[in-house]
Every structure is written in structure tokens, then in C-alpha cells.
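Inside the fold
Each chain, letter by letter, is given below.
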Amino acid sequence: MKKFILRAAAVCALLAAPAIAEAAEGFATANVNMRSGPSTRYPAVSLIPVGESVEIHGCLADLPWCDVSFYGGRGWVAGRYVQADYRRNRVYVEPRYYRPLGIPTVVFQFDSYWDRNYRGRDFYRERDRWRRGPDWVDDSRDRRYWERQRERDRRDWETGQREEEWRSRESEWNRELTVREDRREWERRSVRIRQDDGGIYEGARPAPFVRCEFDDPDCDD
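Here's what I pulled together on the structure shown here. (Residues numbered from 1 in each chain as written. Predicted model: local features only at pLDDT ≥ 70, side-chain atom pairs only at ≥ 80, totals over all residues. Heavy atoms only, no water.)

1. Quick word on unusual backbone geometry
Heads up, the rule is: Each helix is a run of DSSP H or I of at least 4 residues and each strand a run of E of at least 2, with the numbering of both proceeding from the N terminus. Exposure is judged per residue with a 1.4 Å probe applied to protein chains only, and the accessible area is read against the type maximum: over 50% gives exposed, under 20% gives buried, and values in between give partly exposed.
The phi dihedral of Tyr 71 is positive, around 50 degrees, even though this residue is not glycine. Relative to the helices and strands, Tyr 71 resides in the loop between strand E5 (65-70) and strand E6 (73-78). Phi at Arg 87 takes a positive value of approximately 55 degrees, unusual for a residue other than glycine. Mapped onto the fold, Arg 87 is located in the loop between strand E7 (82-86) and strand E8 (89-92). On the basis of relative accessibility, which here comes to 68%, the residue Arg 87 falls in the exposed class.

Rendered as C-alpha cells:
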């Protein structure tokens, strides 16, 4: 009797396993990136075109992100870009529809998920960086970037100083050149005026005396 019960339980478990493992079907509502983690900051795995179907393996309880499969690839998509059929209607995959749609609540286990799905990806080599989360910042990288930026700023400042000094000298030279040209022009005008005045006075002659007739109305004499 005991063996019969155990066998029956094993058969029931085998029958129930496909139903548990079976993923819900969803549809992309836009051209959306399938990412390697539940955040837009994780590296993209592939692009799911609008209208394409995906298999939903589970969704996070606290965030509307779902673990999906698309053409053999595996990744995460925000629930606001995925719809599913519910009572003859399409609804967005939200926590209130998880249970009616048969979508289990899952957690994102970084190491096992990446080891299972992304070993051949380029970003897998930086898994130590991504394991800390998408918002983690490498202080050493930040420091190196700051030092490089400071060096660039210093060079730019020195270049700006040299350019400013050159512009100042150029402006001074231009002013000096303008003063010299104005002085030469003034001297040329002075010489011309003296020459013109001298010619006028030297060439001046008294007007000839003309005697008027007594009956000439235009003569004042």
C-alpha cells in the first residue's frame, strides 16, 4: 500500500511538472530591448520587435520586470512592454495579473542566471562589475576619469591662457599700428596743408584796377 501511494505521488508529480514549467505567452507592445537583468542599465541581449510573442517564465514581485525567452535567447523585459491574453482581452503584465495568468513570482539570482545564459557574451567578462548592480560605480574608474579630466582641463586652461595672451598682444599691436598710421596720416595731411597754403599765398596777386564808366549800373566805383 505504501509503495502504491509513493508511485501515485511520483506519477502526479510528473504530470504536474510540465504545467509548472510551462511558460505563459506574451506579446511585445513595442520594439523593446531584452536585457541581462531587471533594469534598463543592464546590457542588452537582443531586440524584440513589436508584436512578437515571448515566453514569460516569471516576474519580480516588487518590480514589474519579467524573465522571458525569445528565439532561444533569455533575458528580462519590463512588464509595461508585454501584454498577455486574459479573459479574451490583452492586458499588460502587472502583479495583479500574475496569478490569473499563471505567471510565477521569481527572484533574480545573478550568478546562476548569467552562468546559465550569457557565458558566450562579451559583457560576461565584466560580470564582477555587474554583480554589484547596475547602479554601482567603480571608484577607481571614477578617480582615473577625474584625473584624466583634470589633466585635460589643465591643458585647455593653459591653451586658453596662451590664446588670451596672444589675443591681448595682437590687440596691443593693432592699437599701436593704428596710432602709427594715424600719426603718419596726420603728418602727411600737415605737409599737404602747408604746401597748399604756401602755394595759395605765394601765388596770390592783387586784382587789376578797373575804372568804371559813369553810367554803368553794375559798377560801384
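Still more to cover.
2. Brief notes about the pairing of E8
In plain terms, the rule: In short, DSSP must find at least two bridges between two strands for them to pair.
Pairing geometry for E7 and E8, over four bridges, is antiparallel. If you follow Tyr 86 over to E8, its bridge partner there is Asn 89. Counted along the chain from E7 to the antiparallel partner E8, the turn is two residues long, and its residue Arg 87 has a positive phi close to 55 degrees.

3. Concerning the side chain of Ser 69
Short version of the rule: Here a polar contact means two N or O atoms within 3.5 Å. Within protein one must be a hydrogen donor candidate and the other an acceptor candidate, and residues neighboring in sequence count only if both atoms are side-chain atoms. Should any heavy atoms of two residues lie within 4.5 Å, those residues are counted as being in contact.
By secondary structure assignment, the location of Ser 69 is in strand E5. Here the side chain of Ser 69 touches His 57 through a polar contact of 2.4 Å, side chain to side chain. Residues contacting Ser 69, with those up to four places away along its chain left out, are Val 54, Glu 55, His 57 and Arg 74.

4. Quick word on the packing of aromatic side chains
Selection criterion: Planes of paired rings set the category: under 30 degrees apart is stacked, over 60 is edge-to-face and the rest tilted, where pairs are Phe, Tyr or Trp rings (Trp by its six-membered ring) whose centres lie within 6.5 Å. Note on geometry: a ring has a charge over it if NZ (lysine) or CZ (arginine) is within 6 Å of the ring centre and within 35 degrees of the ring normal.
Following the criterion strictly, the structure yields 13 aromatic pairs and no others. Ring centres 5.5 Å apart and planes at 80 degrees place the aromatic pair Trp 76 and Phe 108 in the edge-to-face group. Placement of the pair is Trp 76 in strand E6 and Phe 108 in the loop between strand E9 (105-106) and helix H3 (110-117), with a sequence separation of 32 residues. What makes Trp 76 buried here is its relative accessible area of 1%. Taking the centre distance of 5.7 Å and the plane angle of 45 degrees together, the rings of Trp 76 and Tyr 113 count as tilted. In this pair, Trp 76 sits in strand E6 while Tyr 113 sits in helix H3, placing the two residues 37 residues apart along the sequence. Each member of the pair, Trp 76 as well as Tyr 113, is classed as buried. Aromatic ring contacts, followed pair by pair, group Tyr 42, Trp 76, Phe 108, Phe 110, Tyr 113, Trp 114, Tyr 118, Phe 123 and Trp 130 into a single cluster. In this structure, Arg 90 packs its charged tip against the face of Phe 27, placed 3.8 Å from the ring centre.

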